[in-house]
Amino acid sequence: MLEESLELLVEKNTAVLKFDGEVIFDNSNQLKEEAKERLKGKTEVDKLIIDLSKVPYLDSSGVGVLLSLFKFMRTREGSLAIAEPNAKIRRVFDVTKMTEIIPVYMSLEEAVNQN
Amino acid sequence: MNQSLLLLILFLLAALILYLAAKLYFLKKEFKWLELEQENNSQLLNKKELKIKELERNIKVKLEKARNIHQRMLPDRLAEPADYFISDYYQPAEYIGGDYYNIFKIDHGAMDPFFDQYLLYFFDVSGHGIDSTLLSIFVNDSIENYFKLRHSPGEKISTRELMNYIDQRYQKEDFPDDYLVCLFIAVLDRKKNTLSYSSGGFQYPIYKLANQESLEEINIGGLPISTALGALKDSRQEKTVDFKKNTTLFLSTDGLLEQSSGSEIYFQQLQQILKKYKFLPAPFLKDLIRSDFYNFTGDNQGSDDITFLVIDRPQGELINLHLSRENAEGKKLEIMEFINQNSWSNHSQLGTLKDIILSQLENLNSELKIKALNNQQLLIFSLENSEVGWESLINNFPELTSITEKDLNLAHNQLEDILFSREEIYFSSSKDRIYFMLLKKENLN
């Protein structure tokens, strides 16, 4: 069930982590641990893009997952970007000024090219 | 030939019967074994089920305990400046959430006459478990420590510095990097009539309602406190808003505002309510929003804490009296004089309101605080007593109307305005306070 809601695609040094479904208190810890576990084996990855195109909603625990992955990549001296958040999630990023520390792109393609 | 064939058939039949009998024997044995295995499995299953139920019960009990700790941490009462009305509402999530709020008078010691200030804060920590209760304790403890160790009476308070202090302390504790704290801290300055604040993490604004102006949204976003971000010393600036007379502030954590019902979000509906009923004083506006919110959600309890505060600085003549058995007679005259100023209005309910107040002044056994407001639109009395409940008073005056009863109107026709009549006495009660309101005009909205 959890594996279905998380997909990791790696190409060279760039990884795209795709969440499918809400990222909320109920599943946030498992998703965070699973994502980190998969990334641990991919030491060549220094650019992580989180694809939120299939995420309708993030609560504060969901924001916590993104911040935790932001720190994970920073520790690796890598970078994190967000791709395709819906308007509601985009608003969360704008209002909480998270866009100042994590770049947000409207499409995955743009994120891959820019990142 | 026929006999031999018959014998062969008989032999074959006997062999078949023997084979079938043997098969039946083994099948019966296998069935018994399976039955036994099923019984064992079923016993094992029952044991496992019992264990799961016990674990669930255990978790529930622990969460219930944490929820009680969280509830006990919430202030019994909020400090209310003399010329303000403040009302709060808190409904925890199914188990426990991480919302907390408080208002207290800042101690300036001998300099108190020069600094009449109140600290107001609310926060929401991520998650809804025991961890969030521990985080709430940590944030409260940090604020308390700041005033014990960092702030000297008479010293200016910077909400930005206070925020930084909490952030730095949080980083030192090295909380997990997926936890975060959304925090709003403000200083209400009664000398300057301003509210200076710093904030971080909230998705939704707070609202300012001033008499002649439209609803003003005040963004309280910004980066939350998180070990993933590290200490952010210069990120959360201090901002100031005026708090003139006839102003109401509506403050809330995200739980109320992001509650959805179908495709609707309460955030939009709340704005309409605030615009329409901004004439209502804080306790009554709180009751109305509470009713409206539960009409909106229906049976859906929601997964987050619901926390909001209404802070209202009304216009008009205000009196604040502290009554005890010794001074009750003298103060009674003062109160009657205050009520009688309104006798010119020939208000049909003025007599009943007088009876209610007098009933509380007679046989006064404990201290009673009275705050009353008189302006062109309404007359309000607030009675505060921590020792007596208000149930018998409400029962003695069945003509009193609660705004929470108005939810029936809303439920039947959400589009229709709630009409407030000058023929009624409205009341709103909390643990130690009760408010009465008389409208001097019909349909103020």
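Bear in mind that the values here come from a model prediction, so they are computed numbers and not experimental data. (Residues numbered from 1 in each chain as written. Chains lettered and ligands numbered in written order. Predicted model: local features only at pLDDT ≥ 70, side-chain atom pairs only at ≥ 80, totals over all residues. Heavy atoms only, no water.)

Novice: So what exactly am I meant to see when it comes to the overall build of chain A here?
Specialist: In terms of helices and strands, chain A carries four helices and five strands. Its helices and strands in sequence order give chain A the pattern β-β-α-β-α-β-α-β-α, from N to C terminus. Computed over the C-alpha atoms, the radius of gyration of chain A is 13 Å, within 12% of the 13 Å expected from 2.2 N^0.38 for a compact globule of 115 residues. Taking the principal axes of the C-alpha coordinates as reference, chain A spans close to 35 × 30 × 25 Å. Each of the 115 residues in chain A was classed as buried or not, and the buried ones make up 48%. Nonlocal contacts in chain A, meaning residues at least 24 apart in sequence, comprise 72% of its contacts between residues at least 6 apart. For chain A, the computed accessible surface area is about 5700 Å², with 47% contributed by carbon and sulfur atoms. (Helix = DSSP H or I, 4+ residues; strand = E, 2+ residues; numbered from the N terminus. Rg over C-alpha atoms; globule rule 2.2 N^0.38 Å. Buried < 20%, exposed > 50% of the residue type's maximum accessible area, 1.4 Å probe, protein only. Contact = heavy atoms within 4.5 Å. Areas by Shrake-Rupley, 256 points an atom, 1.4 Å probe, with all protein chains shown as cover.)

Novice: Explain the nonpolar core here, please?
Specialist: As a rule of thumb, soluble globular proteins bury nonpolar side chains together. One finds A:Phe19, A:Ile50, A:Leu52 and B:Phe184 to be the most contacted residues of the largest nonpolar core, which totals 89 residues. The contact partners of A:Ile50, leaving out residues within four places of it in the chain, are A:Leu17, A:Phe19, A:Leu66, A:Leu69, A:Leu80, A:Ala81, A:Ile82 and A:Ala83. Counting residues in hydrophobic clusters, the runner-up holds 38 residues, among them B:Leu209, B:Ile273, B:Ile380 and B:Phe420. (Core = buried A, V, L, I, M, F, W, Y, C linked by side-chain atoms within 4.5 Å.)

Novice: Is there a simple way to explain the sheet that holds strand β1 (residues 6-11) of chain A in this structure?
Specialist: Strand pairing in a sheet is mediated by backbone hydrogen bonds. Such pairs are either parallel or antiparallel. Residue and element names in this part refer to chain A. Strand order in the open sheet made by the five strands is β1-β2-β3-β4-β5, with mixed pairing throughout. Each end of this open sheet is capped by a strand with a single partner; those strands are β1 and β5 (104-105). Together, β1, β2 (14-20) and β3 (47-54) form the strand contacts of helix α1 (residues 25-40), whose direction differs from that of β1 by roughly 25°. (Pairing = 2+ DSSP bridges. Axes fitted to C-alpha atoms, helices over the stretch in contact; angles between N-to-C directions.)

Novice: Can you help me understand the environment of A:Phe25 in this one?
Specialist: Residues and elements named next belong to chain A. Relative to the helices and strands, Phe25 is located in helix α1. Look at Phe25 and you get partly exposed, because its relative accessible area is 35%. Separated by 36 residues in the primary sequence, Phe25 and Ser61 have C-alpha atoms spaced 5.2 Å apart.

Novice: Got a minute to help me understand the pairing of strand β17 (residues 425-429) of chain B in this structure?
Specialist: Residues and elements named next belong to chain B. Where burial is concerned, most of β17 is hidden: four out of the five residues are buried. In this sheet, β17 lies alongside strand β16 (residues 400-402) in parallel orientation, the contact comprising three bridges. Looking at the pairing, Ser402 lines up with Phe427 of β17. Linking β17 to strand β18 (residues 433-439), which pair antiparallel, is a turn of three residues.

Novice: Looking at this structure, how should I read the pattern of salt bridges?
Specialist: Side chains that carry opposite charge are capable of pairing whenever their charged atoms lie near each other. Residue and element names in this part refer to chain B. Going through the model one piece at a time under the given rule, you end up with 22 salt bridges over all chains. Of the charged contacts in the structure, one is a salt bridge between Glu80 and Arg433, with a shortest N-O distance of 3.6 Å. Of the two residues, Glu80 is situated in the loop between α1 (2-73) and β1 (85-91) and Arg433 in strand β18; the sequence distance between them amounts to 353 residues. For Arg433, a relative accessible area of 7% gives the class buried. (Salt bridge = Lys/Arg side-chain N within 4 Å of Asp/Glu carboxyl O.)

All quantities given are derived from atomic positions and should not be read as evidence of function.
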